[in-house]
Amino acid sequence: MGRKITPVKIFVPYWIFTLILYAFGPLEWVTYHPVIFWSLNILFIFAFIAGWNWGKQGKSPNDFYWTESDVDNLVKKLPPLLWVNLFYEIITSMRSFLLPSFNVVGLIQKILYGVTHMGQSYHAFQSNVTVSGASVVGGHVVTLFNYLWQFVAFAVLLGGILYFKKLKKLSKAVVILTCFIVIISYIARGTNIGAFRVVLTFLVFYYIKYSKNAGLAKQQAKGKSSKTKLIFLSIIAVVAVVFLFNKIMLSRGGILSWNSSSYNIGGIGINEDSIFFQILPAEFHKLLVSLSAYLSQGYYGMSLTLRVDWIPMFGLGSCKVIQELLSMVFPSIEGWTYQARITEFGWDDYMQWHSMYSWFANDVSYLGVIAIMFIFGLVFARCYKDSITTENPFANLMVYYMFLMAIFTPCNNQIFQTRDIFFSFITVFLGWICTRGKKAVRFRIISR
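Remember, it's a predicted structure, so these values are computed and weren't measured experimentally. (Residues numbered from 1 in each chain as written. Predicted model: local features only at pLDDT ≥ 70, side-chain atom pairs only at ≥ 80, totals over all residues. Heavy atoms only, no water.)

### Quick look at the overall build of the protein
Okay, step 1: From N to C terminus, the protein includes 19 helices and zero strands.
Okay, step 2: Over its C-alpha trace the protein gives a radius of gyration of 22 Å, about what one expects of a compact globule, namely 22 Å for 448 residues.
Okay, step 3: Principal-axis analysis of the C-alpha atoms gives the protein an extent of 65 × 55 × 50 Å.
Okay, step 4: Looking at the protein as a whole, 52% of its 448 residues qualify as buried.
Okay, step 5: Put simply, of all contacts in the protein between residues at least 6 apart along the chain, 77% involve residues at least 24 apart.
Okay, step 6: Counting only carbon and sulfur atoms, one obtains 68% of the accessible surface of the protein, whose full area is about 21200 Å². (Helix = DSSP H or I, 4+ residues; strand = E, 2+ residues; numbered from the N terminus. Rg over C-alpha atoms; globule rule 2.2 N^0.38 Å. Buried < 20%, exposed > 50% of the residue type's maximum accessible area, 1.4 Å probe, protein only. Contact = heavy atoms within 4.5 Å. Areas by Shrake-Rupley, 256 points an atom, 1.4 Å probe, with all protein chains shown as cover.)

### Things to note about the environment of Gly 298
Okay, step 1: Along the chain, Gly 298 turns up in helix α13 (residues 285-305).
Okay, step 2: Accessibility expressed as a relative area gives 0% for Gly 298, which makes it buried.
Okay, step 3: Measuring from C-alpha to C-alpha, the distance between Gly 298 and Ile 187 comes to 23 Å, with 111 residues separating the pair along the chain.
Okay, step 4: Non-local contacts of Gly 298, meaning those with residues more than four positions away in its chain, are made with Trp 353, His 354, Ser 355, Pro 410 and Cys 411.

### Some details on helix α1 (residues 7-24)
Since the α-helix turns once every 3.6 residues, residues separated by three or four places project in the same direction.
Okay, step 1: The first and last C-alpha atoms of α1 sit 26 Å apart over 18 residues, in line with the 26 Å expected at 1.5 Å per residue.
Okay, step 2: On its buried face, α1 sits against α2 (34-57), α10 (193-214), α12 (275-279), α13, α16 (355-389) and α17 (393-407). (Expected span 1.5 Å × (residues − 1).)

### Focus: unusual backbone geometry
Okay, step 1: With a phi angle near 50 degrees, His 33 is a residue other than glycine that sits in the positive phi range.
Okay, step 2: Along the chain, His 33 falls in the loop between α1 and α2.
Okay, step 3: Its identity is not glycine, yet Leu 98 carries a phi of approximately 60 degrees, on the positive side.
Okay, step 4: Among the secondary structure elements, Leu 98 is positioned in the loop between α4 (78-96) and α5 (104-116).
Okay, step 5: Here Leu 98 falls in the partly exposed class, since its relative accessible area comes to 31%.

### A look at a nonpolar patch on the surface
Okay, step 1: A grouping of Ile 16, Ile 20, Phe 24, Ile 275, Ile 279, Leu 280 and Phe 284 is seen on the molecular surface, where their side chains present a nonpolar patch of about 650 Å² in accessible area.
Okay, step 2: Secondary-structure elements contributing two or more residues to the nonpolar patch are α1 and α12.
Okay, step 3: Here the nonpolar patch takes three residues from α1, the largest share from any one element.
Okay, step 4: Note that Leu 280 resides in the loop between α12 and α13. (Patch = residues over 30% accessible without salt bridge, like charges linked within 9 Å, V, L, I, M, F, W, Y side chains within 5 Å. Salt bridge = Lys/Arg side-chain N within 4 Å of Asp/Glu carboxyl O.)

### Observations regarding the packing of aromatic side chains
Okay, step 1: Inspection of every chain in the model, using the stated rule, returns 42 aromatic pairs.
Okay, step 2: Taking 6.0 Å as the distance between ring centres and 40 degrees as the angle between the ring planes, the aromatic pair formed by Tyr 207 and Tyr 210 counts as tilted. Of this pair, Tyr 207 and Tyr 210 both sit in helix α10, three residues apart, which is roughly one turn of that helix.
Okay, step 3: Judged by its relative accessible area of 2%, Tyr 207 is buried. (Phe/Tyr/Trp six-rings, centres within 6.5 Å; stacked < 30°, edge-to-face > 60°.)

### With respect to the side chain of Asp 70
Okay, step 1: Here Asp 70 is to be found in helix α3 (residues 68-75).
Okay, step 2: The class of Asp 70 is buried, set by a relative accessible area of 6%.
Okay, step 3: Polar side-chain contacts of Asp 70 include one of 2.9 Å to the backbone nitrogen of Thr 67. (Polar contact = N/O pair within 3.5 Å; in protein donor to acceptor, adjacent residues only side chain to side chain.)

### Side note on helix α7 (residues 139-149)
Okay, step 1: Buried residues of α7: Gly 139, Val 142, Thr 143, Asn 146 and Trp 149, and no others. Across the axial projection of α7, the buried residues extend over an arc of 135 degrees, all falling on one side. Exposed side of α7, more than 90 degrees from the buried face: His 140, Val 141, Leu 144 and Leu 148 are the residues found there. (Arc of directions from axis to C-beta.)

### Digging into the pattern of salt bridges
Okay, step 1: The final tally for this structure, using the stated rule, is six salt bridges.
Okay, step 2: One salt bridge in this structure joins Glu 391 and Lys 212, with 3.0 Å as the shortest N-O distance. One end of the pair, Glu 391, is in the loop between α16 and α17; the other, Lys 212, is in helix α10, with 179 residues separating them in the sequence.
Okay, step 3: Salt-bridge contacts for Lys 320 lead to Glu 334; the nearest nitrogen and oxygen are separated by 2.9 Å. Of this pair, Lys 320 sits in helix α14 (residues 320-326) while Glu 334 sits in the loop between α14 and α15 (338-341), and the two are 14 residues apart along the sequence.
Okay, step 4: For Lys 320, a relative accessible area of 13% puts it in the buried group.
Okay, step 5: Classification of Glu 334 as partly exposed rests on a relative accessible area of 23%.
Okay, step 6: Several salt bridges share partner residues, and in doing so they unite Glu 68, Asp 72 and Lys 166 into one network.

### Quick notes on the packing of α2 against α13
Okay, step 1: It is the contact of α2 with α13, at a shortest axis distance of 11 Å, that shows an interaxial angle of 120 degrees. The angle between the axes of α2 and α13 places the two elements in the oblique class. α13 is crossed by α2, and the crossing has right-handed handedness. Here Phe 37, Leu 40, Asn 41 and Phe 44 of α2 come into contact with α13, specifically with Tyr 299, Met 302 and Ser 303.
Okay, step 2: Among the residues forming the contact of α2 with α13, the class breakdown is five nonpolar, two polar and no charged. (Axes fitted to C-alpha atoms, helices over the stretch in contact; angles between N-to-C directions. Parallel < 35°, antiparallel > 145°, perpendicular 65-115°, else oblique. Left-handed = near helix turned anticlockwise from the far one by under 90°. Nonpolar A, V, L, I, M, F, W, Y, C, P; charged D, E, K, R; others polar.)

### Thoughts on the side chain of Asn 412
Okay, step 1: The topology assignment puts Asn 412 in the loop between α17 and α18 (419-434).
Okay, step 2: Ignoring anything within four residues of it in the chain, the contact list for Asn 412 reads Trp 353, Ser 355, Met 356, Trp 359 and Gln 417.

### Considerations on the environment of Pro 331
Okay, step 1: Locating Pro 331 in the fold gives a position in the loop between α14 and α15.
Okay, step 2: Along the backbone, Pro 331 and Thr 178 are 153 residues apart, and their C-alpha atoms lie at a distance of 36 Å.

### Describing the state of the cysteines
Okay, step 1: Applying the stated criterion across every chain, the model contains zero disulfides.
Okay, step 2: Free of any disulfide, Cys 383 has its nearest neighbouring cysteine sulfur in Cys 434, separated by 15 Å. (Disulfide = S-S within 2.5 Å.)

Pasting the structure below:
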């Protein structure tokens, strides 16, 4: 794949940086069983690299290439889906603000209040996460519709952004409005994950475009130009997300006491001798603590799990969504996870993070996670390669999900945490698998 900025060149340094932040950052994390902890983290990274190198050498099952007419044919099917998706996002926003009936004015009022009182809105939302769907707009009927539509909802939005230039003006307006609703409704609930996901979408799809240009020797100058733009856009995006993140953290209030002796995260206080405090100006110390808490606390959660025995969960432990669904029938299932069992050490299984590694370890143990990271690297390399060589739209979407998974690796198992992301990932993954082999030709004939 040449000298392009490949994902492995992005995420291996990123993971190493988060480990450095964990070891030498502003929080006094305690590492239990340090030899095992550090050995595992090193092995995980090497396993990902090995999987990536294996995957980038592999060939697609055939030479199936999505032509311009194939893509146009797919884009023609997007507009009605985009309209349904817009309705879904509006209804979902109303339900998240606990509106009992369809009320646009009420939604606008809730959003305006939430944007100006993000901290209060966040705490109110956290206290209402268990509210029954029967008591909000649409009741059980909309709840069932949401469960079904979530298998395509986020993928449809990604498709709208991916092929935005090919859409007609009205469909473009629908995509823009949907993105706005996603971003503003999350901000109004005191969290930035919605804005982060949307911003990441634009960056990933531009990154794929850059990768294609960088791979063409005759467009070397264009490739260099794309690289410069990619770096510039990434810097702008990071600054914007960090600015929003800082505003939200300040609105929640907890970080305001970061320099007091009582400040702690799960019982862990500030390391006043951290080299990061010495490097950065005092004006950035508060932001440093906030970012460090988000990027490194998962490693502490992982460290705590090394204090308890492994209970195999046979495929049910890595996915929060599956656990929540099964808990309706088997209420005790979540109690078997590492995350639930380390609450005895003061580490909350809902509010605190535990790294992606510990989630997968519920099913396969930490030694098994080495194999998981190898598969992760392999799949990432294969879908990335497909995205720049075959124009497969599902491969493009898969690259987005892989980026999301890699970014949150030190934090949590992001793709498997919420229904909208997990369900749509299943659809995209199956779509990618079915359109990269011999069956792809048959798929193209049927889709016409």
